[in-house]
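Fold and contact review
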Amino acid sequence: MRTKKYMLSESQMPTAWYNIVADMPNKPQPPLDPKTGKPITEEAMCRIFGEELVRQEFSTERYIEIPEQVQELYKIWRPTPVVRAYNLERALDTPAKIYFKNEGTSPAGSHKPNTAIPQAYYNAKQGIKYLATETGGGQWGSAMALACQYFNLDLRVYMVKVSCQQKPYRKLLMNAWGANVIPSPSDTTKAGRDVLAADPECAGNLGIAISEAVESALAHGEDTRYCLGSVMNHVLLHQTVIGEEALRQMEMAGDEPDVVIGCFGGGSNFAGIGFPFLRRNLTEGKKTRVVAVEPESCPKLTRGEFFYDYGDTAGMTPMMPMYTLGHKFQPTAIHAGGLRYHGAGSIVSQLYKDGLIEAVAVPQLETFAAGMLFANSEGIIPAPESTHAIAVAVREAQRAKEEGVQKTILFNLSGNGMIDLYAYEQYFAGKLQDGSLSDEEIRQAIENSKLRVNNR
């Protein structure tokens, strides 16, 4: 097997996060207070999130310095490598050159600690003692549990129930790092009890888990805050260490990507790999295509609508302008749990609305086939979420072959799948299915959500 890694030294690590809001031609509209319907104040946001994180949420500065303590913790696994996937190229018999940024090398196995560590740092610095969060596939919950260990914070994680069942070792990993994991929907919150009263067999979703985590944080007192792993501006900001490193590594390779690809749930790893490349499009006139890949069963960008919607099912979070399937949407129980979210972050939504990024939805079976091709050629078993990016990289490489053109492809391998082997067992046994949605199902979910938003 032939491979080529492009590595940076610790001294070459980024020392600042990139805030794309500074360069966007149309800034995202502000979030709205769910009680008043007016732009939410920083003071109101600070009751939910850490103070410095709220400042970053509203910031329009182009670069925000990474605290030294955060940089030191990043060095446990960063910089991460960019790898030329020669064997995948050979397997596809393509003239395209394929590179991937390997974020699966962190202790938690994914890109999520890039924001978990600064979120824990800023909350601990503020004097917060307890944090509450949610998790879909378990990667975010694992990362937050790890980060809380570094800063002596107690953590409660509401994990989507179907993911608890599908990914028991993710739960155990969080337990090993000291987190209290509660399957969601649960009877520990009003939001959870309301869902269970309507549907006792509800498999859960990220919107419900967010409602439970926010309710738990607000009920606990002034020493508790909520944190999350995607969607919000400050979360996407922290992930840009991925793309900042990748820019330098592609220069080391003497190559320039024609297309940059990331899987898409709420936007964290997609933004991480894509935003620094978009900066060059916006400020230098580059033409790099940046592609978000979502599940066919949860297609908020490709089939959703753009309007102000809640980030959670119960309507407790600020309302954000987003492409959404509606906060009442219940996705099918695909194994890429981190992508089963009804909406897209406001920054990504605005970029998509303005035609500055692309989006594509892929079916589950195609993603697992691409994941196995990658595992057999490059030797890494990818997380189910990451297989979505691989699937579109494969499509791009095949198109290059059909058209007889050279193309350079870069995708983000957002995490490894070593704790997701049950999903592959199901795939080998032929038990996985593609989850497609009718236009009527999507229309109904959106209309139900709009009705509630308008009648808040």
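For the structure, check the block above.
So, here's what we can say about the structure. (Residues numbered from 1 in each chain as written. Predicted model: local features only at pLDDT ≥ 70, side-chain atom pairs only at ≥ 80, totals over all residues. Heavy atoms only, no water.)

Digging into the pairing of strand 11 (residues 289-295)
Selection rule: Throughout, exposure labels follow a simple rule: accessible area from a 1.4 Å probe, protein chains only, divided by the maximum for the residue type, with under 20% read as buried, over 50% as exposed, and the rest as partly exposed. The helix count covers DSSP runs of H or I at least four residues long, the strand count covers runs of E at least two residues long, and both are numbered beginning at the N terminus. Think of it this way: DSSP has to see at least two bridges between two strands before they count as a pair. We call a crossover right-handed when, viewed with the strands running away from us, the connection from the first strand over the helix to the second turns clockwise.
The element strand 11 is largely enclosed, with a buried count of six among its seven residues. One ladder, built from five bridges, connects strand 10 (residues 259-263) with strand 11; its direction is parallel. Bridging from a neighbouring strand, V259 pairs with R289 of strand 11. Handedness of the β-α-β unit built from strand 10, helix 13 (residues 268-284) and strand 11 comes out right-handed. When strand 11 meets strand 14 (residues 358-362), the two strands line up parallel, connected through five bridges. By the bridge assignment for strand 14, V293 is matched with V360.

Quick word on the pattern of salt bridges
What counts here: By definition, a salt bridge exists where a carboxyl oxygen of Asp or Glu is found within 4 Å of a side-chain nitrogen of Lys or Arg.
Tallied over the full model, the rule gives 24 salt bridges. Of the charged contacts in the structure, one is a salt bridge between R62 and D23, with a shortest N-O distance of 2.4 Å. In this pair, R62 is assigned in the loop between helix 2 (51-58) and strand 3 (63-65) and D23 in the loop between strand 2 (16-18) and helix 1 (42-46), connecting sequence segments 39 residues apart. Residues participating in the shared-partner salt-bridge network are R289, E358, E396, R399 and K407.

Side note on the environment of R443
Defined as follows: Nitrogen and oxygen atoms within 3.5 Å of one another constitute a polar contact, given that in protein one can donate a hydrogen and the other can accept it, and given that sequence-neighbouring residues count only through two side-chain atoms.
Assignment of secondary structure puts R443 in helix 19 (residues 439-454). For R443, a relative accessible area of 40% gives the class partly exposed. With 269 residues separating them in the primary sequence, R443 and M174 have C-alpha atoms 37 Å apart. A distance of 2.7 Å separates the side chain of R443 from the side chain of E440, its partner in a polar contact.

What about empty space enclosed by the protein?
Spelled out, the test is: Grid points spaced at 1 Å over the protein atoms alone were grouped into cavities, where a 1.4 Å probe fits but cannot get out, and pockets, open sets with protein on both sides within 12 Å along at least five of seven lines, with lining residues defined by an atom within 4 Å of a point. Grid points are joined across faces, edges and corners, and a volume is the space filled by probe spheres set on the points. Gly is placed with the polar residues, together with every amino acid not listed as nonpolar (Ala, Val, Leu, Ile, Met, Phe, Trp, Tyr, Cys and Pro) or charged (Asp, Glu, Lys and Arg).
Counted according to the given criterion, the structure contains three cavities of 30 Å³ or more. Looking at the second largest cavity, its volume works out to about 90 Å³. If you trace the second largest cavity, you find it lined by F49, I210, Y226, L228, V231, M232, G311, T317, P318, M320 and Y341. Among the residues making up the lining of the second largest cavity, the classes are represented as nine nonpolar, two polar and no charged.

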